[in-house]
Amino acid sequence: MTDVKKLIAQMTLEEKASLLGGDDFWHTKAVERLGIPRFMMSDGPHGLRKQDQEGDHLGINDSIKAVCFPAACATASSFDTDMIEKMGETIGDECQAEDLAVVLGPAVNIKRSPLCGRNFEYFSEDPYLAGKMAAAYISGVQSKHVGTSIKHFALNDQETNRMNISAEASERTIREIYFPAFEIAVKESQPKTVMCSYNKINGTYSSDNEWLLNKVLREDWGFQGAVMTDWGAVDDRVQGVKAGLELEMPGNTKANDKKIVDAVKSGALDEKLVDRAVERLLTVMYDHYDNRVGGTFDRDRDHEAAEKVEENCAVLLQNNGILPLKEGQKIAYIGEYAEKPRYQGGGSSHINSSKVVSALDAAKAAGRAVTYVKGFPADKDEENAKELNKAVEAAKAADVAVIFAGLPDVIESEGYDRKNMKMPACQVKLIEEIAKVQKNVVVVLHNGSPIEAPWAGDVAAILEMYLGGQAVGTAEDHLLYGIANPSGHLAETFPMKLEDNPSYLNFPGDSYKVHYQEGVFVGYRYYDTKKMPVRWAFGHGLSYTTFEVKNLRVDKSEMTDGDVLTASVDVTNTGSRQGKEVVQLYISDRTGTTGRPEKELKGFAKVDLAPGETKTVTFAIDRRALSYFEERLGDWYAASGTYELQAGDSSDHITATAEIHFTTEVELPLHVAGDTTIGQLLSNQKTAAVVQKLFSQMNPLGGQDAKKDDPDARLGAGEEEMNKAMMLYMPLKSLISFGVMNGEQLEGLIATLNKVVED
Ligand code: BGC
């Protein structure tokens, strides 16, 4: 193995600085004198975008022919960590064959708004799911000695002004919603690199954000690898080195390399920090270089793999029994996506696919006698009366009309956000017109993020393919005809309409700032807490068989800080064909702590079951799973009290629950002063005892003479309740106004209480 430290010891300051900036779009710089080569990386993450010729970061110039797997919007819906790990292994093998040291992904930003142009590249609105999928993908790729670059760290949740906007959010919001996907991946899989985002976080660019890179990423989570900028995201290069940024990308870094050299020479930057950065970077690169195995990139084999992945991802949103299609039915395929599927998104993840199979190609290969009418164009919103009429006639003449719909490329892409959540009007009109003449309508969707579906009630079935990769047509054929059984579940909510989304009033902000006012109430955390009807809930997905999730139990119902509890739940295939169910475990805080979402996903499993078969799924629950980020502590905290575990197959279909009781020794910090309320004192174990004792002797609202044992002064039950409730919000200083004590006594009480807190 290459001795990186030894290499660094032989380098000049200039050589070291040069290694901290890219050579061109895809390479680091070489140091020929010492035999250090240029290392290459390439976009992905759902396939390779290796550009041999002219580089660009927007997917404009051609790259080598590669295999386009389903995008993250689809793979997340599989809820299948084994599957995505395997997909990572395949991509790792491809990188080995192409001698790529790092593949630039996975992308795990949170789907805060359905409008984000890059939602198709991101996994979920839920950080736990995004983190688990990312960790598995990273393990897969890195098992082949190819690095990954989890991106974009952090809060790059929109494309509008992505290069300069400041995402303004509370630390709690960041730690609970926007960090955990990165945190889980770092702790479980140690990605070789992290790509920091373009944007600022609360006013500081990610690329020179000391708190983000040194404190959170390295100190709190133990990240061992190297940090690189997103392409062109560098801000203050010298501050970046101090803050924990190793590599500036892409090329054109000579001026910044010199700034690093000058800063060391002037004493503004410690050379040790430069050495540290070079060591981190070269360690990543040599892990690949020293373990190169080459191999061949077998595109046909990997195409097959991409097809299997997509079968596991597609989500059956609705079905009245029309699907799977039956032998002998007359089927009409309508909509240009049947011929030209939209199977990937635009921008830096764009892959030059080795081949593409459409649903029509697949039907032909399978010898199916389907009729086809274009109906509407796949690439724009343009109504054509003649085509529409032809489509209506074809639908009338068939037993089942399958409409291949979706979002054109121009509507969603890297670089800009969507303007609304609607499907092209020409497609909506066609669906509505066909539904008037044909009751058996199946809609197959090709989109990277949610759409409004006011027509859903008029059709018999809806199959969400998302952006299903280059083999999408075969997967469609298999799913529609029941060769494969749908098993995807939504990794995001489909709200009824855009205005229901919690970020609606604050997305995408102005040119300078975007305020994350909805806080932790993102996706189902908001809709569930608000009890707001949605079109399709987070976690929802149907199958051609049926399942039952029941009998949730825990190995102990009392839990304290260091305990890990095991929850088990049974899942049975109650239908007549083999299928896979996604069992989900949510936790609901019932301690009375305010500002917590109704429920949060804390475990999931994909289970394959034969008809009649039952399996038991287990989940480990620790204190963190019950916790929220408590800013007063600067740490995770779960209050003592009751928590409900909820198991089901969707966030809106919980079929088994169990209660546990948690007790913590952690005390929230408290400094008692005149405006500290009785309620605050009662919720602190130490002060509660003092306050209870004091008030058992007096009734502050009734005056000092209202003694407990005087029957005439005793309050009725209802009044007593009211009195207690009012007292909770009473600050200590009011005890003077109500004549309970004088100023001097109050000072004494405050001093006693503070002493009790400190002891
Ligand atoms: C994107 C990254 C990508 C990089 C290189 C940037 O514009 O945000 O996700 O990896 O370009 O293409």
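Residues numbered from 1 in each chain as written. Predicted model: local features only at pLDDT ≥ 70, side-chain atom pairs only at ≥ 80, totals over all residues. Heavy atoms only, no water.

Draft legend 1. Focus on the overall build of the protein. Along its length, the protein carries 23 helices and 27 strands. For the protein, the C-alpha atoms occupy an extent of roughly 90 × 75 × 45 Å along the three principal directions. Among the 759 residues that make up the protein, the fraction classed as buried is 60%. (Helix = DSSP H or I, 4+ residues; strand = E, 2+ residues; numbered from the N terminus. Buried < 20%, exposed > 50% of the residue type's maximum accessible area, 1.4 Å probe, protein only.)

Draft legend 2. Examining the packing of aromatic side chains more closely. Counted under the stated rule, the structure contains 23 aromatic pairs. Taking the centre distance of 5.3 Å and the plane angle of 90° together, the rings of F179 and W221 count as edge-to-face. Of this pair, F179 sits in the loop between α6 (171–178) and α7 (180–189) while W221 is found in the loop between α8 (210–220) and β8 (226–229), placing the two residues 42 residues apart along the sequence. Judged by centre distance (5.5 Å) and plane angle (80°), the rings of F629 and W636 are edge-to-face. (Phe/Tyr/Trp six-rings, centres within 6.5 Å; stacked < 30°, edge-to-face > 60°.)

Draft legend 3. View of the site of the ligand. Neighbouring residues of the ligand: 15 residues in total, closest D43, R118, K151, H152 and D230. One nitrogen or oxygen atom from the side chain of R162 is found 3.1 Å from an oxygen atom belonging to the ligand. For the ligand, an oxygen atom lies 3.1 Å from a polar atom in the side chain of E414. The fraction of the free accessible surface of the ligand (310 Å²) that becomes covered by protein chains is 100%. (Near = heavy atom within 4 Å. Polar contact = N/O pair within 3.5 Å; in protein donor to acceptor, adjacent residues only side chain to side chain. Areas by Shrake-Rupley, 256 points an atom, 1.4 Å probe, with all protein chains shown as cover.)

Draft legend 4. Highlighting the pattern of salt bridges. Inspection of the entire model under this criterion finds 57 salt bridges. The partner of E14 in a salt bridge is K265, with the nearest N and O atoms 3.4 Å apart. Linking E14 in helix α2 (residues 13–19) with K265 in helix α10 (residues 254–266), this pair joins segments that are 251 residues apart in sequence. Owing to a relative accessible area of 60%, K265 belongs among the exposed residues under this scheme. For E183, the salt bridge identified is with K187, shortest N-O distance 2.7 Å. Taken as a pair, E183 and K187 lie in helix α7 at a separation of four residues, close to a single helical turn. You can call E183 buried: its relative accessible area is 7%. In this structure, a network of salt bridges that share partners links the residues R118, E121, E159, R162 and E414. (Salt bridge = Lys/Arg side-chain N within 4 Å of Asp/Glu carboxyl O.)

Draft legend 5. Expanded view of the sheet that holds strand β10 (residues 331–334). Reading across from one edge, β9-β14-β13-β12-β10-β11 is the order of the six strands in this open sheet, with mixed pairing throughout. The open sheet has two edge strands, β9 (315–319) and β11 (371–373), and neither has a second partner. Sheet twist, expressed as the mean angle between neighbouring strand axes with direction ignored, is 20°. Of the pairings in the sheet, the one linking strand β12 (residues 400–406) to strand β13 (residues 441–446) comprises six bridges and is parallel in character. Of the residues in β13, the one forming a bridge with A405 is L445. (Pairing = 2+ DSSP bridges. Axes fitted to C-alpha atoms, helices over the stretch in contact; angles between N-to-C directions.)

Draft legend 6. Broad picture of the domain arrangement of the protein. We note that the domain assignment places domain 1 (4–69 + 76–289), domain 2 (308–510 + 525–530), domain 3 (547–663) and domain 4 (678–758) within the protein. One C-alpha centre belongs to domain 1, the other to domain 4, and the line joining them spans 56 Å. (Domains from an automatic or database assignment.)

Draft legend 7. Quick peek at the pairing of β8. Alternating positions in β8 separate into two faces, A226 and M228 on one and V227 and T229 on the other, with burial throughout. With four bridges connecting them, strand β5 (residues 193–196) and β8 associate as parallel partners. If you follow M195 over to β8, its bridge partner there is M228.

Draft legend 8. Broad picture of the side chain of R280. Tracing the sequence through the fold places R280 in helix α11 (residues 271–289). For R280, a relative accessible area of 18% corresponds to the buried category. For R280, the residues in contact, after removing those within four places along its chain, are R218, G225, A226 and E246. (Contact = heavy atoms within 4.5 Å.)

Draft legend 9. A look at the sheet that holds β5. Taken in spatial order, the five strands make up an open sheet running β1-β2-β3-β5-β8, and their pairing is parallel. Here the strands that pair on one side only, and so sit at the sheet edges, are β1 (41–43) and β8. Between one strand and the next, the sheet's axes are offset by a mean angle of 25°, whatever the strand orientation. The strands touched by α8 are β3 (147–153), β5 and β8; relative to β8, the strand with the most contacts, the crossing angle is about 145°.

Draft legend 10. Structural view of a nonpolar patch on the surface. A contiguous nonpolar patch, built from L682, L728 and Y729 and spanning about 310 Å² of accessible area, is present on the exposed surface. Its place among the elements puts L682 in helix α19 (residues 678–682). (Patch = residues over 30% accessible without salt bridge, like charges linked within 9 Å, V, L, I, M, F, W, Y side chains within 5 Å.)

Draft legend 11. Here's a closer look at the environment of L155. Topologically, L155 is positioned in the loop between β3 and β4 (166–168). Relative accessible area serves as the criterion here: at 3%, L155 is assigned to the buried category. Separated by 124 residues in sequence, L155 and E279 have C-alpha atoms that sit 28 Å apart. With sequence-adjacent residues up to four places away left out, L155 is seen in contact with N109, A167, A169, I174, Y178, N199, I201 and Y516.

Draft legend 12. A look at the confidence of the model for the protein. Averaged over every residue, the pLDDT of the protein is 95; the share at 70 or more is 97%. This stretch, residues 703–708, has a pLDDT under 50; its non-local contacts, to residues over four places away or in other chains, come to eight contacts. (pLDDT = per-residue confidence, 0-100.)

Draft legend 13. Highlighting unusual backbone geometry. Residue G44 is joined to P45 through a cis peptide bond whose omega torsion reads 5°. Relative to the helices and strands, P45 resides in the loop between β1 and α3 (72–77). At the junction of M249 and P250, the peptide bond is cis and its omega measures out at -5° in the coordinates. Residue position: P250 is located in the loop between α9 (237–243) and α10. Located in the positive-phi region is Y466, a residue other than glycine, with phi close to 55°. Considering the arrangement of structural elements, one finds Y466 in the loop between β14 (461–464) and α16 (472–480).

Draft legend 14. Representation of helix α12 (residues 299–311). The terminal C-alpha atoms of α12 lie 19 Å apart, and with 13 residues this matches the ideal 18 Å at 1.5 Å per residue to within 8%. If you check which residues of α12 are buried, you get D302, H303, A306, E307, V309, E310 and E311. In this structure, the buried side of α12 is in contact with α3, α4 (81–98) and α16. (Expected span 1.5 Å × (residues − 1).)

Draft legend 15. Representation of the nonpolar core in the model. Counting 181 residues, the largest nonpolar core has Y333 and L480 as the members making the most contacts within it. L480 has contacts with L323, P324, L325, Y333, V402, F404, V442, V444, L463 and Y544, leaving out every residue within four places of it along the chain. L565, V607, L626 and A639 belong to the second-largest nonpolar core, a separate cluster that totals 31 residues. (Core = buried A, V, L, I, M, F, W, Y, C linked by side-chain atoms within 4.5 Å.)

Draft legend 16. Fine view of the packing of helix α20 (residues 685–696) against helix α23 (residues 743–758). Look at α20 against α23: their axes get within 8 Å of each other, and the N-to-C directions meet at 145°. Handedness of the α20/α23 crossing: right-handed. Residues K686, T687, V690, V691 and L694 of α20 pack against L749, L753, V756 and V757 of α23. The residue makeup of the contact of α20 with α23, split by class, is seven nonpolar, one polar and one charged. (Left-handed = near helix turned anticlockwise from the far one by under 90°. Nonpolar A, V, L, I, M, F, W, Y, C, P; charged D, E, K, R; others polar.)

Draft legend 17. Spotlight on α23. Over its 16 residues, α23 runs 23 Å from end to end, which matches the ideal 22 Å to within 8%, given 1.5 Å per residue. Among the structural elements, α19, α20 and α22 (734–737) are those in contact with the buried residues of α23. Here α23 starts with a cap whose side-chain oxygen sits 3.1 Å from the backbone nitrogen of E744, and that cap is N742.

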